[in-house]
Structures are given as structure tokens and as C-alpha cells.
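Fold and contact review
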Amino acid sequence: TRSTRPQRLLKAVQKNATRGDPQSVISAIDHFCRHSEWAMNIGDEKVVNELNPEKVLELGTYCGYSTVRIARLLPPGARLITLEFNGDYAAIARQVIAWAGLEDKVQLVEGASEDWIPRMKEHFGIETFDLVFLDHWKDRYLPDTKLMEDCGLLRKGTVLLADNVICPGVPDYLQYVRNSLSYKSCYFKSHLEYTKAEDGLEKSVFLG
Ligand SMILES: CNc1ncnc2c1ncn2[C@@H]1O[C@H](/C=C/CNC(=O)c2cc(-c3ccc(F)cc3)cc(O)c2O)[C@@H](O)[C@H]1O
Ligand SMILES: [Mg+2]
């Protein structure tokens, strides 16, 4: 059978990127997807650099591209937990993350966000997160945010960074974080990967 797109992405990484060099993994994936640098969501790097997070949660790993982009900026000892419930994608992402040499900063959990968010304390000993990157099914951003609130995983100052708030768009989530008294929210205009369409990230700080 024909290889899948994620399998071809992994091959491109193994062929064109240098083991242990996260930037070369990012460039190999950018090239594979015909991204161009200016189209990238540089918002995620700005937020990570400013925040210096110790504990990061990513919802929706896919092939691990944003995982590598974020994990490579983390200080030593910091940890990124990324949740992916599609076994094929999780298998590819594991190899992409390993190729980047970031496996000791990243914990990929194969499972659904709604099942694992309530288990962060007892399973990973995590009380609260410093940064959460939302990039999974768009209709799940809001329920999972409310679940994280209910599980006490957000502390005063926790940053939620949501991808694709314009395209494909997450209207219910945006309405919530922009109108809730518990968040201070702002929008990073960016471009949608692959195209020149406008997209953007929403950065929302939990106020406790
Ligand atoms: C619901 N709980 C969940 N728990 C764990 N993993 C979950 C998950 N939901 C989804 N996932 C996983 O996240 C990933 C889903 C991502 C959804 N993303 C998009 O649809 C998306 C779509 C576009 C896009 C935009 C424009 C366009 F024309 C075509 C595509 C751009 C993006 O940046 C996107 O992130 C998959 O790997 C899926 O298996
Ligand atoms: Mg996305």
C-alpha cells in the first residue's frame, strides 16, 4: 500500500535532518510541507521564549512538528507532555521527536485529552501547567479548557496558546476566553501553514 503522508514526512526528516539537531528537523518538515519561514506561527516561539515554561502541555501531537518547535526552546529540566490519540500519528511523532534528540524533554502519551487531563496529578505528579498549546480537534478546545479549569491544572499566569483561531477557526473557544473574567486574551496575527491565508494564535493568560 502507498505510504501515508506522515510516513513520508518521517522519511524526509530521516533523510534530510541531522540526528540531535532540532532546527534541522524543523527545516526538513518545513521543506517537506513547502512551508516558508515567514508563514510559520512565530507566535509560539515568542511566547515560549518570554515565558520560560517548566511544565508544558500540548493537545494534539500529530507528527510532532510543533512539539519539536516548542521543546527545543525549553530550559534544561523543563518537561513537555503531548497527547495524541491516533496510534499511527503517535508512532511517527515519537520518531520525529527522537530524531530531534528531544526525547528526554518530551513525554508523548498515546490517548485522548479528555481521558488524560484528569490524570495529570496522579500519573505525572503535575499540579499545574505553565503553558498549554491547543492544536487538536477545534471543537475540543473549549471543553478541554473547562476540564483543565475543573481539574485545577491552571494557575494564576498559566498561558493557553491556541492554534488556528481564524482558520479552521474555533469560535466558541474564542468567545469564551475573550469574554471570561478569568482570562486576559490577545491575538497574534500569523499565516496558515501551507497557504497565505490569514490565521492566528490566541494567547490567553489565566487570572485565577
Ligand atoms: C479530542 N481529544 C484528542 N486527544 C488527543 N489527540 C487528539 C484529540 N483530538 C484530536 N487529536 C489529534 O490532534 C490532531 C488534530 C489536529 C486538528 N488540526 C486541524 O484540523 C488543523 C487544520 C488546519 C487546516 C487549515 C486550513 C486548511 F485548508 C486545512 C487544514 C491547520 C492546522 O494548523 C490544524 O491544526 C490529530 O493528530 C488528532 O489525532
Ligand atoms: Mg494547528
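Residues numbered from 1 in each chain as written. Chains lettered and ligands numbered in written order. Predicted model: local features only at pLDDT ≥ 70, side-chain atom pairs only at ≥ 80, totals over all residues. Heavy atoms only, no water.

Below, the discussion takes up the site of ligand 1. Around ligand 1 sit 22 residues, and of these Glu84, Ser113, Asp135, Asn164 and Glu193 come closest. In the model, an oxygen atom of ligand 1 is placed 2.6 Å from a nitrogen or oxygen of the Glu84 side chain. At 3.3 Å from a nitrogen atom of ligand 1 is found a main-chain nitrogen or oxygen belonging to Phe85. Compared with its free state, where it exposes 790 Å², ligand 1 has 77% of that area covered by protein. Elements with a minimum of two residues in the shell around ligand 1: strand 2 (79-84), helix 6 (113-116) and helix 9 (165-169). Within the shell around ligand 1, the residues separate by chemical class into nine nonpolar, six polar and seven charged. (Near = heavy atom within 4 Å. Polar contact = N/O pair within 3.5 Å; in protein donor to acceptor, adjacent residues only side chain to side chain. Areas by Shrake-Rupley, 256 points an atom, 1.4 Å probe, with all protein chains shown as cover. Helix = DSSP H or I, 4+ residues; strand = E, 2+ residues; numbered from the N terminus. Nonpolar A, V, L, I, M, F, W, Y, C, P; charged D, E, K, R; others polar.)

Let us now look at the coordination of the magnesium ion (ligand 2). Around the magnesium ion (ligand 2), the donor atoms from the protein are Asp135 (OD), Asp163 (OD) and Asn164 (OD1), and they sit 2.0 to 2.3 Å away. Read from N- to C-terminus, the donor residues coordinating the magnesium ion (ligand 2) fall into the pattern D-x27-D-N. Residue Asp135 is found in the loop between strand 4 (129-134) and helix 8 (141-150), and its partner Asp163 is found in the loop between strand 5 (154-162) and helix 9; the two are separated by 28 residues along the sequence. The exposure class assigned to Asp163 is buried, which follows from its relative accessible area of 4%. (Donors = N, O, S within 2.8 Å, 3.2 Å for Na, K, Ca; no water. Buried < 20%, exposed > 50% of the residue type's maximum accessible area, 1.4 Å probe, protein only.)

What follows deals with the environment of Lys15. Structurally, the position occupied by Lys15 is in helix 1 (residues 5-16). Lys15 gets classed as exposed once you look at its relative accessible area, which sits at 70%. It is 42 Å that separates the C-alpha atoms of Lys15 and Cys151, two residues lying 136 residues apart in sequence.

So, on to the packing of aromatic side chains. Summed over the entire model, instances satisfying the criterion amount to six aromatic pairs. Each residue in the set Tyr176, Tyr183 and Phe206 is aromatic and connected to the rest through ring pairs, giving one cluster. When the ring centre of Trp116 is taken as origin, the NZ or CZ atom of Arg119, which lies over that ring, is 4.2 Å away. In this arrangement the basic side chain of Lys146 is found over the ring face of Tyr176, its NZ or CZ atom lying 5.0 Å from the centre. (Phe/Tyr/Trp six-rings, centres within 6.5 Å; stacked < 30°, edge-to-face > 60°. Lys NZ or Arg CZ within 6 Å of the ring centre and 35° of its normal.)

By size, the foremost hydrophobic cluster in this structure holds 39 residues, and its most contacted members are Leu9, Val25, Ile29, Val68 and Val96. Among the elements that line this core, the one with the most residues is helix 5 (residues 87-99), at six residues. Residues within four places of Val68 in sequence aside, it is in contact with Pro22, Val25, Ile26, Val96, Ile97, Ala100 and Leu102. Listed in part, the 28 residues of the second largest apolar core include Trp116, Leu134, Tyr141 and Phe206. (Core = buried A, V, L, I, M, F, W, Y, C linked by side-chain atoms within 4.5 Å. Contact = heavy atoms within 4.5 Å.)

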